[in-house]
Structures are given as C-alpha cells and as structure tokens.
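Below are the chains, spelled out letter by letter.
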Amino acid sequence: MNQDDLKRAVAAAAIEYVPADCIVGVGTGSTANFFIDELAKIKHRIRGAVASSEASAKRLKGHGIEVLSLNDAGDLPVYVDGADEITRHMHMIKGGGGALTREKIVAAASKKFICVCDESKLVDVLGNFPLPIEVIPMARSSVARQLVALGGQPALREGFTTDNGNLILDVRGLKIMNPVELESTLDHIAGVVTNGLFARRPADVLLLGTASGVKTMTA
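Keep in mind it's a predicted model, so treat the numbers as computed, not measured.

Each value, and the rule that gives it
- Residues numbered from 1 in each chain as written.
- Predicted model: local features only at pLDDT ≥ 70, side-chain atom pairs only at ≥ 80, totals over all residues.
- Heavy atoms only, no water.
- Patch = residues over 30% accessible without salt bridge, like charges linked within 9 Å, V, L, I, M, F, W, Y side chains within 5 Å.
- Areas by Shrake-Rupley, 256 points an atom, 1.4 Å probe, with all protein chains shown as cover.
- Salt bridge = Lys/Arg side-chain N within 4 Å of Asp/Glu carboxyl O.
- Helix = DSSP H or I, 4+ residues; strand = E, 2+ residues; numbered from the N terminus.
- Buried < 20%, exposed > 50% of the residue type's maximum accessible area, 1.4 Å probe, protein only.
- Pairing = 2+ DSSP bridges.

On the surface, Ile-136, Met-138 and Val-193 cluster together to form a nonpolar patch covering roughly 310 Å² of accessible area. Note on placement: Val-193 falls in strand β10 (residues 192–195). Overall, the relative accessible area of 32% leaves Val-193 in the partly exposed class.

As a further point, take the pairing of strand β9 (residues 167–172). A large share of β9 lies buried, amounting to five of its six residues. Where strand β7 (residues 131–135) and β9 come together, five bridges link them in antiparallel fashion. Bridge pairing links Pro-132 to Asp-170 in β9. Sheet analysis places strand β8 (residues 153–156) next to β9, joined by four bridges and oriented antiparallel. Pairing of Pro-154 across the sheet is with Val-171, part of β9.

This is the structure in structure tokens:
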C-alpha cells in the first residue's frame, strides 16, 4: 500500500465515528480531503459540516455537502483531521497546510477529536517537523526574535497568507519535550495568533494507517 492508500483507509475508518443527523467538523490537508470524499458517500445521513479552511469548504461544497459557520452550528459531536506529527500521548504538530488557527478553534468546539494519519506521522518526540506559528504581519520580526531566544530557527513561509490574512513562521530546531507548556508559552508572545502545537486539546482517538491495516489508538 502506498501513502495515499493508507490515508484513504483511515479516512474510511473515521466515518464510523460520525453520528447520524449531525454537523461534522472537518479538517484540512490531504488526509482530510480523503475524509471529505468518504463523507460525500453518507451526505444524506448528516446535516452538514464546519470546515477549518476555505479549501476544505470548497471541496465539501463540491460534493454537495452544506457548509455552516461554527457560530451557526454550535458545539460539534466530532472533528476529523490529520496531523503533521503525533505522539502516543495524542499531542500533535499541525499547520503544514497553514490552517492551524481555524483547526484549533473547530477542534476546541468538538466533543471528540479523531486524528487520521499514516504511520509515518507517529513519533516519540515532536519537533522534527517544523512548528508552524501564525503571526500578525506587523509582529513578524519581533516574534521571530523571541522564537530565536527560545532556541528555535524561524523562517517565514514565503508567498503564503492564511485564510485569516496573517503570516506563518515555520520554526525548526525545537525538541519539544513538554508540548503543553510550550504551547502556552508561544501563545503568550504578543503578535502570535496561535501555534501548531495541539497538546492542551489533544486528539481523543488516533486512526493510524499501517501496512497491516488501520490501528486504533487512544491516550
């Protein structure tokens, strides 16, 4: 099985966690796209979806699935999304696609967070994947200096603007031993909108695509 086959398998497995007649929280990225395609097969059983990005909203609408704002939908029973890295404690780095702020908002508003990944994303310690941080444009340089002081090597994601009109700094060189603490520290830097650590609100279930099938993991 190639990587797409693994992603497709976990996306199909995630459908089992979608209650009937509900509004579903939907993430962003390649694995989330496979989940959207699977969701289209049961669209008659759901009321609609809340998307974590404009790209996901477009794909959902293309399948004829109604997209609602979170303000209209209220709390969600389930949110399904991928991760760039995840540990066995369900702590994640997300934001490779630049949708981390909206992903974090929708995840926080959901009763259950189902993470769907292929086995290459499972790590012992977070930080090999660069940590994305969404920043207000005027604060880019000042935030970068504070990230250097924390031991990071920030780089501007060139030619990219988030759906919120902000910039992304991708930070290398961080060995993240305490993701909950670091998530809070980074969010307290003036000018940071949010960072790509999902540790204070980790995943509840990990569906991991492996060569021997989909494995289900919980914290």
